[in-house]
Amino acid sequence: EAEEKGRAEEEAQRFREQEELACIAAEQAEEKRRAKEEAQSSREQEELARIALELEEQRQRLREADELERMQQEEKLQCFLAAHLVAKEKRKAVEEAQRLQEVRESERMQQEEDAQRIH
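Residues numbered from 1 in each chain as written. Predicted model: local features only at pLDDT ≥ 70, side-chain atom pairs only at ≥ 80, totals over all residues. Heavy atoms only, no water.

S.K.: How would you explain the overall build of the chain if you had to name every residue and give the values?
M.R.: When you go through the chain residue by residue, the secondary structure sums to one helix and zero strands. On C-alpha atoms alone, the chain measures out to a radius of gyration of 51 Å, which is more than a quarter above the 14 Å that the 2.2 N^0.38 rule sets for 119 residues. The principal-axis extents of the C-alpha atoms in the chain amount to approximately 175 × 10 × 5 Å. A buried classification covers 0% of the 119 residues belonging to the chain. (Helix = DSSP H or I, 4+ residues; strand = E, 2+ residues; numbered from the N terminus. Rg over C-alpha atoms; globule rule 2.2 N^0.38 Å. Buried < 20%, exposed > 50% of the residue type's maximum accessible area, 1.4 Å probe, protein only.)

Listed below in structure tokens is the structure:
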């Protein structure tokens, strides 16, 4: 009976030790799982930060492209307006030259008429 009791206590002791080892192993596995999750989370945060930076850079490039396009459109408009003004001034100059030519022609004809009357 004492021998049986001793074996039972040894068995109970081994069971407790195995249970303790199982608990330690479970805790280590949980710590390992948490560490793995944290590493994954950190990688995901780094990836999100990288994507956010890329998006901001892309937005900046788009803003710069829009500004460049706006400036080019403005330059085209200014060139168009300048060409229009030059054409308008040219027409005025041609009209003025024609008017002066008509005035000279009229004066010449008047002088010829005056000269014929004198003779």
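Continuing now.
S.K.: Provide a residue-level description of the pattern of salt bridges, including the pertinent values.
M.R.: Under the criterion given, the structure shown has 15 salt bridges. As a salt-bridge pair, Glu 89 and Lys 92 come within 3.8 Å of each other at their nearest N and O atoms. Residue Glu 89 and its partner Lys 92 are located together in helix α1 (residues 2-118), separated by three residues, close to a single helical turn. Judged by relative accessible area, which is 46%, Glu 89 ranks as partly exposed. What you see here is one network of salt bridges that share partners, running through Glu 30, Arg 33, Arg 34 and Glu 37. (Salt bridge = Lys/Arg side-chain N within 4 Å of Asp/Glu carboxyl O.)

S.K.: Lay out the environment of Glu 105 in plain terms, naming residues and giving numbers.
M.R.: Mapped onto the fold, Glu 105 is located in helix α1. In this structure Glu 105 comes out as partly exposed when scored by relative accessible area, which is 31%. Once the C-alpha coordinates of Glu 105 and Glu 95 are considered, the two residues, 10 residues apart in sequence, prove to be 15 Å apart.

S.K.: I'd like a description of a nonpolar patch on the surface, backed by residues and values.
M.R.: Residues Leu 48, Ile 51 and Leu 55 make up a contiguous nonpolar surface patch of about 260 Å² in total accessible area. Mapped onto the fold, Leu 48 is located in helix α1. (Patch = residues over 30% accessible without salt bridge, like charges linked within 9 Å, V, L, I, M, F, W, Y side chains within 5 Å. Areas by Shrake-Rupley, 256 points an atom, 1.4 Å probe, with all protein chains shown as cover.)

S.K.: How would you summarise the environment of Glu 107 if you had to cite specific residues and measurements?
M.R.: Positionally, Glu 107 belongs in helix α1. Distance from Glu 107 to Arg 91, taken between C-alpha atoms, is 24 Å for residues 16 residues apart in sequence.

S.K.: Summarise the environment of Met 71; cite the residues concerned and give the values.
M.R.: Along the chain, Met 71 turns up in helix α1. The partly exposed category is assigned to Met 71, whose relative accessible area is 46%.

By themselves, these are just geometric observations and shouldn't be taken as functional.
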